[in-house]
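# Tertiary structure, described
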Amino acid sequence: MSNAFKNKEFKKVVKLGKQLVESEPNDFDGLLGIGKAYNILNEYNNAIPYLEKAVNCSENDWQFAWSNIELMESNFAIGKIEKAKEFYKKALEYKGTKNSTKKLKGLALLFGFDKVYENWETLETDNITFHFQNGTSIIDKEKYIKERENAFLNINIFFSSYLPKKIDFFVWKSNEEAVKNLNKTLGFTNPKYCVSHNRDNQTKGHEIAHNISFWLEKTNIRNRLINEGIGVYFDQTETNRLEKAKKVLENKKIDIKELWLNGNNYSEKIFYPVAGAFIENLVLIDKKKFIELCKNQTYENAELIYGIKLKEIISEFNIKLNK
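## Things to note about the pairing of strand β2 (residues 128–132)
The buried fraction of β2 amounts to five of the five residues, a majority that puts the element mostly inside the structure. Because side chains alternate across β2, one face comprises the buried residues I128, F130 and F132, and the other comprises T129 and H131, equally buried. Relative to β2, strand β1 (residues 121–124) runs antiparallel, the two being bridged by four bridges. Residue pairing in the sheet places T122 in a bridge with H131 of β2. Here β1 folds back onto β2, and the loop between the two strands holds three residues. Between β2 and its parallel partner strand β3 (residues 167–171), the chain crosses via helix α8 (residues 141–159), and the hand of that crossover is left-handed.

Set out below in structure tokens:
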């Protein structure tokens, strides 16, 4: 099981763990291992029974800490927020390992459980729970909320995704505040938990689109070009994306295949507009094939979906982009 974890073979972890607990029903490592693996695989409902049993089989502080942390994660991810908070409070009671303490702190900051959120305002719509830090520049929160709820509905008309919970949408008063507390720059989304942390002046749809597109399929494989392109294309702004992409390139030549394979080598300033324009192009060519690509965004999968036409699509787009 340990080797399978190291090799990120999480289905194998589950299989081996089940074999172990079949002969040793109260084996803590087996129960926790299965629960952790299911959480990583986004199969939270499957994780919970094993983690609840892991709590009952715990004897040491570190065991209680880990099992409660994993239960906090499972319950939050399926929208049982109050239950998740209870497990968070229980986990705080125990002296965990270095790794469990780090995970607990990280998830508490991501989920909004940490004391830093004590004075934030929370407002809900049908699909989004908004969390506002005091001091944001948003004057009309009702309008802000309505625009983003509408953005959710508009985007999901396209994708028809089923999200396991409402999006928790955190709005910070400044990027500096977020960096100070989260050690991460805004905005960003962790769609595994349907969580977005935002600047107060971000577009209506970018982070929402990341959450929705992720849940087309829980085992999705993402790629920076396609994933960020989705965020830009569905950001709910009216703009000529191709012209915007051409403008940021400033006559530099760029190849979409290179961006697809080595996206991390490019700055956001160039990457985002180009990615958004390319996604617009793919949607116009064939919506059904684009939806399939969203589930596994690798170049190799695109070759399977589009066949020999992929090279032609990229070549034609490169010509338009580099004119």
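## Regarding helix α5 (residues 61–77)
The first and last C-alpha atoms of α5 sit 24 Å apart over 17 residues, in line with the 24 Å expected at 1.5 Å per residue. The buried count for α5 comes to 14 of 17 residues, which makes it a mostly enclosed element. After α5 finishes, the residue G79 shows a positive phi value of roughly 90 degrees.

## Side note on the sheet that holds β3
Reading across the sheet, the five strands line up as β1-β2-β3-β5-β4 and stay open at both edges, with mixed pairing between neighbours. The outermost strands of the open sheet, each flanked by one partner alone, are β1 and β4 (188–190). Averaged over neighbouring strand pairs, the angle between their axes works out to 15 degrees when direction is ignored. Bridging between β2 and β3 involves five bridges; their strand directions are parallel. When the bridges of β3 are listed, T129 appears paired with D168. The strands touched by α8 are β1, β2 and β3; relative to β2, the strand with the most contacts, the crossing angle is about 145 degrees.

## Brief notes about the packing of helix α3 (residues 28–40) against helix α4 (residues 44–56)
Pairs of packed helices are described in terms of their axes, by the angle between the two and the distance that separates them. One can describe the packing of α3 onto α4 by two numbers: an axis separation of 8 Å at closest approach and a directional angle of 155 degrees. Taken together, α3 and α4 sit at an angle that is classed as roughly antiparallel. Here α3 and α4 pass one another in a crossing that is left-handed. On α4, the residues that touch F28, L31, L32, I34, G35, K36, Y38 and N39 of α3 are Y44, N46, A47, Y50, L51, K53 and A54. Residues belonging to the contact of α3 with α4 are distributed by class as follows: ten nonpolar, three polar and two charged.

## Quick notes on the pairing of strand β5 (residues 195–198)
Side-chain direction in a regular strand flips from residue to residue, so the side chains alternate between the two faces of the sheet. Burial along β5 is two-sided: V195 and H197 and S196 and N198, pointing in opposite directions, are all buried. Summarising the sheet, β3 and β5 pair through four bridges and their orientation is parallel. Across the sheet, F169 pairs through a bridge with S196, a residue of β5. Where β4 lies against β5, three bridges are found, and the strand directions are antiparallel. Bridge pairing links F188 to H197 in β5.

## A closer look at the pattern of salt bridges
Under the criterion given, the structure shown has 14 salt bridges. The salt bridge involving E70 is made with K103; its shortest N-O contact spans 2.8 Å. With E70 in helix α5 and K103 in helix α7 (residues 98–111), the pair connects residues that are 33 residues apart, well separated along the chain. The partner of D235 in a salt bridge is R241, with the nearest N and O atoms 3.3 Å apart. In this structure D235 comes out as buried when scored by relative accessible area, which is 9%. Linked through salt bridges whose partners overlap, the residues forming this network are E70, E73 and K103.

## Digging into the packing of aromatic side chains
Evaluation of the coordinates by the stated rule reveals 27 aromatic pairs. Centre to centre, the rings of F64 and Y94 are 4.8 Å apart; their planes meet at 10 degrees, and the pair counts as stacked. You can see F64 sitting in helix α5 and its partner Y94 sitting in the loop between α6 (81–92) and α7, a full 30 residues away along the chain. Seen in terms of ring centroids, F76 and F111 are 3.8 Å apart; in terms of plane orientation they differ by 5 degrees. Their pairing is stacked. Here F76 is found in helix α5, whereas its partner F111 is found in helix α7, with 35 residues between them in sequence. Owing to a relative accessible area of 2%, F111 belongs among the buried residues under this scheme.

The rules we used
- The residue numbers shown here count from 1 along each chain, following its written sequence.
- With the structure being a predicted model, the display of local features is reserved for residues of pLDDT at least 70 and the display and counting of side-chain atom pairs for 80 or more, all residues being used for whole-chain, interface and lining totals.
- Derived side-chain values reflect all non-hydrogen atoms in the structure, with water molecules and hydrogen atoms excluded from consideration.
- Whether a residue is buried, partly exposed or exposed follows from its accessible area with a 1.4 Å probe, protein chains only, as a fraction of its type maximum: under 20%, in between, or over 50%, in that order.
- Helix numbers and strand numbers start at the N terminus; a helix is a DSSP run of H or I with at least 4 residues, a strand a run of E with at least 2.
- For two strands to be treated as a pair, DSSP must find at least two bridges joining them.
- Every crossover in which the path from the first strand over the helix to the second runs clockwise, viewed with the strands pointing away from the viewer, is termed right-handed.
- Residue count minus one, scaled by 1.5 Å, sets the expected span of a helix.
- Note on method: axes are straight lines fitted to C-alpha atoms, helices fitted across the in-contact stretch only, with angles between N-to-C directions ranging 0 to 180 degrees.
- By definition in these notes, contact holds between two residues if any of their heavy atoms fall within 4.5 Å.
- Orientation is classified from the angle alone, with under 35 degrees giving roughly parallel, over 145 giving roughly antiparallel, 65 to 115 giving roughly perpendicular, and any other angle giving oblique.
- For any helix crossing, the convention is left-handed if the near helix is rotated counterclockwise from the far helix by under a right angle, and right-handed if that rotation is clockwise.
- Gly counts as polar in this scheme, as do all residues outside two lists: the nonpolar Ala, Val, Leu, Ile, Met, Phe, Trp, Tyr, Cys and Pro, and the charged Asp, Glu, Lys and Arg.
- Here, a salt bridge means any Lys or Arg side-chain nitrogen found within 4 Å of an Asp or Glu carboxyl oxygen.
- Centre distance within 6.5 Å is the pairing criterion for rings of Phe, Tyr and Trp, where only the six-membered ring of Trp is used; planes under 30 degrees apart are then read as stacked, over 60 as edge-to-face, and the remainder as tilted.

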